[in-house]
Each structure stands twice: as C-alpha cells, then as structure tokens.
Amino acid sequence: MRTVLDFETSRFPDAHPHRKSARAISWATLSQVSSPCFRYYTDPDFKSLLQDILNATSLLIGINLKFDIAWAKNLCCTIPMGIRVWDCQLAEYVLSGQTKSFASMDELCDRYGIEGKRGGLEEYWNAGIETADIPLPVLEEYNIGDVRRTLQIYEHQLKDERMTEPLKKLILLQGLDLLVLEEMERNGIVYDKQGSVERGYKVIEELEIIQNELLKIVEEQCVKLTS
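Residues numbered from 1 in each chain as written. Predicted model: local features only at pLDDT ≥ 70, side-chain atom pairs only at ≥ 80, totals over all residues. Heavy atoms only, no water.

(A) Geometry of the nonpolar core. Ile 61, Trp 86, Cys 88, Ile 153 and Tyr 154 are the most contacted members of the largest nonpolar core, which totals 34 residues. Beyond its immediate stretch of four places on either side in the chain, Cys 88 contacts Ile 61, Gly 62, Ile 63, Leu 108, Thr 150, Ile 153, Tyr 154 and Gln 157. With 23 residues, the next largest nonpolar core counts Trp 27, Leu 49, Ile 69 and Leu 179 among its residues. (Core = buried A, V, L, I, M, F, W, Y, C linked by side-chain atoms within 4.5 Å. Buried < 20%, exposed > 50% of the residue type's maximum accessible area, 1.4 Å probe, protein only. Contact = heavy atoms within 4.5 Å.)

Here it is in structure tokens:
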C-alpha cells in the first residue's frame, strides 16, 4: 500500500523530534485505498492506528520525511522492514541535478501548478499560539490538506519530464539512506566525556614537555612557540 504521512507538532521553542519538550499533536495519512485519516493526540488510537497503517504500507511518501519518521518512532511506532521511502524534497533535489536543496511544499506546488497551503497555521504560530491550542477543525483541515498536496506532488514527480528510471531508483535508494540517517540521529554517537577530559589534560602536559625541550634549544625571544 502507498501511504502519505504528515505530522503536526508543538511549535515552541521548536519542533525538533529529539527535544524532550516537543510533542506530536496530530498526524494525517492518505493512501490509494482509503480516504484521508486524521488523528489528534487525545484520540485513544493515536499511536496504535498509525502502527497498523505503517504495517500495511509498502511505499511511504512525504516531504522532509525524516522528520515524520522520527515522530512516528517517538510514538513507539516501528518502521516495517522492507518499506520503501519517497521523500518529495529529496526527489526534487535529484531531479534538479542537485541544485535545489530543501524545497518547500509551496515551492513544489508552484512547480507543478498545485494550489499551495500559503500559510495555514502560520498566523496562529506567529501570534505565539501553540499547535495544541489551535481550533481542532482548523488543524485537521490543514493536516489533511498537506497529505493531499503531497500525494499530488508525488504523482507529478513520477510524470516529470526530468524523471528517468535510473533516477527513480536513485530516489528510492536515497529513501533507504534516509532511514539509516534517522536511526543514526536517534542513537547518536557514543562519547566518553570523562575520557575526553582526561586525554585533554594529558595533551596539555605533553605540550608543556615539548615547549620546555624547545626552549633548551632556542631562546624564547627568538621564536614564537604559539605560532
């Protein structure tokens, strides 16, 4: 099953999926076998239904999809093995010959003659209103509108005159890379802070020894050791 996914999250101080204060507020999906599905964070199946949808998905579509995948995982959802990923933002980067990075939804809509969202929730956010405090009908319309537009963009990309079969394979390969990158960002890199501090002190001691040895060879005023 082909599924489009889009999350709306808390806004302040930002929506970074690895910020402890951030949270998922709603999500919407759209597939070729059903009408748009919208869930709010207070819905009892907010997490379980999304997992059911992902389990039935063979191709996951989105814009800046690493963000949405990270939020799905924050809800304890797992991404099924073998799933393919099509990020319309990454696709445009490939189709543009690697000249267009991080194309926005509105920019992609403009390219294909699709009516863009043009703000939507921005007026609330600009007024300092959190996503959870936006009227639910407004949020639902916005979230569902995003998955509808994303599906249209995907379909236009498949028919884009710049698209070739090798580029399709490359975009899907980058989708696999995206899954790996998200996993790397989630797990981070093991860093021995105490060991690093201890090594730093040892380097300082070694530098002092080297400096003293150099000063036995030349007078300090003859050479600038810090240069």
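(B) Focus on the pairing of strand E4 (residues 59-62). Of the two faces of E4, the one holding Leu 59 and Ile 61 and the one holding Leu 60 and Gly 62 are both buried throughout. The sheet contact formed by strand E1 (residues 2-9) and E4 spans 3 bridges and is parallel. Bridged to Val 4 within E4 is Ile 61. Relative to strand E5 (residues 84-87), E4 is paired through 4 bridges, and the arrangement is parallel. Among the inter-strand pairings, Gly 62 is bridged to a residue of E5, identified as Asp 87. For the handedness criterion, the β-α-β arrangement of E4, helix H2 (residues 65-74) and E5 is classed as right-handed. (Helix = DSSP H or I, 4+ residues; strand = E, 2+ residues; numbered from the N terminus. Pairing = 2+ DSSP bridges. Right-handed = clockwise from strand over helix to strand, strands pointing away.)

(C) Molecular detail of helix H3 (residues 88-95). The buried fraction of H3 is high, at 6 of 8 residues. Against the buried residues of H3 lie E4, E5, helix H4 (105-112), helix H6 (136-159) and helix H7 (165-187). Once H3 finishes, Gly 97 follows within two positions and takes phi at roughly 70 degrees, a positive value.

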